[in-house]
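Observations on the model geometry
Given next are the chains, with one letter for each unit.
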Amino acid sequence: MGFRLGFLLFAIFFLALFLIASIFSHNHRWQEKYSLTNHFPYELNYGLKFSENLYGNISLIAMALMLGAFYATMDLTFVRTFFIPVMVSGILAALVIPVIVFVPASNIKAHIGVLMVQILSSILLPGTIGIAALKVYQDEGNSPLAIVVMCLCVAVALGIVIIMFNPKLSMRMEATVIEKENGEKEYKRPKLIPLAYTEWL
């Protein structure tokens, strides 16, 4: 249990390091403030070589590996075989995270394909955890924690399904138009881009 907690804590650490290093690199390069609500994950590496955001990219890969290891070591005895779907969906969810960052929207088919895998894994993971929690409750009898976990997982999975039916989820964006005193128009990125913050969620 101890080493699994270590994997999880390292994953959180590398996630924070990825965000700090990548956002700093983006802001310095483009002289604009990066926001999770109106910037896509891939924009952290847009127009950059891997080495130009080296700390951020290495941290992202390390985070995915640590998170994958957390799920891969869930039940090494395989006595509880119902944990296997959780392990598989958890590893899939972890490994698809770097891909959504590295595949730009300019390669639209690949980006949409990766996004679909991300959505699928985001539904499968809480779904399989919820089923495993139900199985634990059935096996162990009175287990309030298992019921709480199951209810939370069902809520998360349903929440993701509802979000996916948001009609505003598209690559189309309408820029905010600002008229200057001299009559010129300035076009700015909207403050909220539903698809962008959905990918982050």
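Quick summary incoming for the structure in this document. (Residues numbered from 1 in each chain as written. Predicted model: local features only at pLDDT ≥ 70, side-chain atom pairs only at ≥ 80, totals over all residues. Heavy atoms only, no water.)

1. Section: the environment of Leu134
So the rule is basically this: Here a strand is any run of E in DSSP of at least two residues, a helix any run of H or I of at least four, and the numbering for each starts at the N terminus. Each residue gets one of three labels from its accessible area relative to the maximum for its type: buried under 20%, exposed over 50%, partly exposed in between, using a 1.4 Å probe on protein chains only.
With respect to the helices, strands and loops of the structure, Leu134 is situated in helix H4 (residues 108–140). For Leu134, a relative accessible area of 33% gives the class partly exposed. Sequence spacing of Leu134 and Met66 is 68 residues, and the spatial spacing of their C-alpha atoms is 27 Å.

2. A short note on the packing of helix H3 (residues 84–102) against H4
Heads up, the condition is: For helices, the fitted axis covers only the stretch in contact; all axes are lines through C-alpha atoms, and the angles between them, taken along N-to-C directions, range from 0 to 180 degrees. Roughly parallel here means an angle under 35 degrees, roughly antiparallel means over 145, roughly perpendicular means 65 to 115, and every remaining angle is called oblique. Should the near helix be turned anticlockwise from the far one by less than a right angle, the crossing is left-handed, and should it be turned clockwise, the crossing is right-handed. In what follows, residue pairs with any heavy atoms lying within 4.5 Å of each other are defined as contacts.
Axis separation between H3 and H4 bottoms out at 8 Å; the angle between their running directions is 150°. Taken together, the axes of H3 and H4 lie roughly antiparallel to each other. Remark: the crossing between H3 and H4 carries left-handed chirality. Contacts between H3 and H4 involve Pro85, Val86, Ser89, Gly90, Leu92, Ala93, Val96, Val99 and Ile100 from the former and His111, Val114, Leu115, Val117, Gln118, Ser121, Leu124, Leu125, Thr128, Ile129 and Ala132 from the latter.

3. Observations regarding H4
As a reminder, the rule being used: Here the expected length of a helix is defined as 1.5 Å per residue gap, with one fewer gap than residues.
A rise of 1.5 Å per residue sets the reference length of H4, with its 33 residues, at 48 Å; its end C-alpha atoms lie 48 Å apart and thus fit the reference within 8%. Remark: Gly141 follows H4 within two positions and exhibits a positive phi of approximately 75°.

4. Examining the layout of surface pockets
Convention followed: Using a 1 Å grid laid over the protein atoms alone, points where a 1.4 Å probe fits but cannot get out form a cavity; open sets with protein on both sides within 12 Å along at least 5 of 7 lines form a pocket; any residue with an atom within 4 Å of a point counts as lining. Grid points are joined across faces, edges and corners, and a volume is the space filled by probe spheres set on the points. Classes in brief: Ala, Val, Leu, Ile, Met, Phe, Trp, Tyr, Cys and Pro nonpolar; Asp, Glu, Lys and Arg charged; the others, Gly included, polar.
Reported here for the largest pocket is a volume of approximately 920 Å³. Forming the walls of the largest pocket are 41 residues, and the residues nearest its centre are Gln118, Ser122, Glu199, Trp200 and Leu201. Elements supplying a minimum of two residues to the lining of the largest pocket: helix H1 (2–30), helix H2 (54–72), H3, H4, helix H5 (144–164) and helix H6 (194–200). Among the elements that take part in the lining of the largest pocket, H4 stands out by supplying 9 residues, more than any other. Among the residues forming the lining of the largest pocket, the class breakdown is 34 nonpolar, 6 polar and 1 charged. A volume near 230 Å³ is recorded for the second largest pocket. Broken down by secondary-structure element, the contributors of at least two residues to the lining of the second largest pocket are H4 and H5. When its residues are assigned to classes, the lining of the second largest pocket shows 11 nonpolar, 1 polar and no charged.

5. Here's the deal with the packing of aromatic side chains
Going by this rule: Geometry of aromatic contacts follows a simple scheme: Phe, Tyr and Trp rings, the Trp one being its six-membered ring, pair when their centres are within 6.5 Å, and the pair is stacked under 30 degrees between planes, edge-to-face over 60, tilted otherwise. Counted as over-ring charges are cases with an Arg CZ or a Lys NZ within 6 Å of the ring centre that also lie within 35 degrees of the ring normal.
The full count for this structure, using the stated rule, is 10 aromatic pairs. Their ring planes at 70° and their centres at 6.4 Å tell us that Tyr42 and Tyr46 sit as a pair that is edge-to-face. Counting every residue linked through ring pairs, the aromatic cluster contains Trp30, Phe40, Tyr42 and Tyr46. The ring centre of Phe70 lies 4.2 Å from the NZ or CZ of Arg4, which sits over that ring. Arg29 extends its terminal NZ or CZ atom over the ring of Trp30, reaching a point 5.4 Å from the ring centre.

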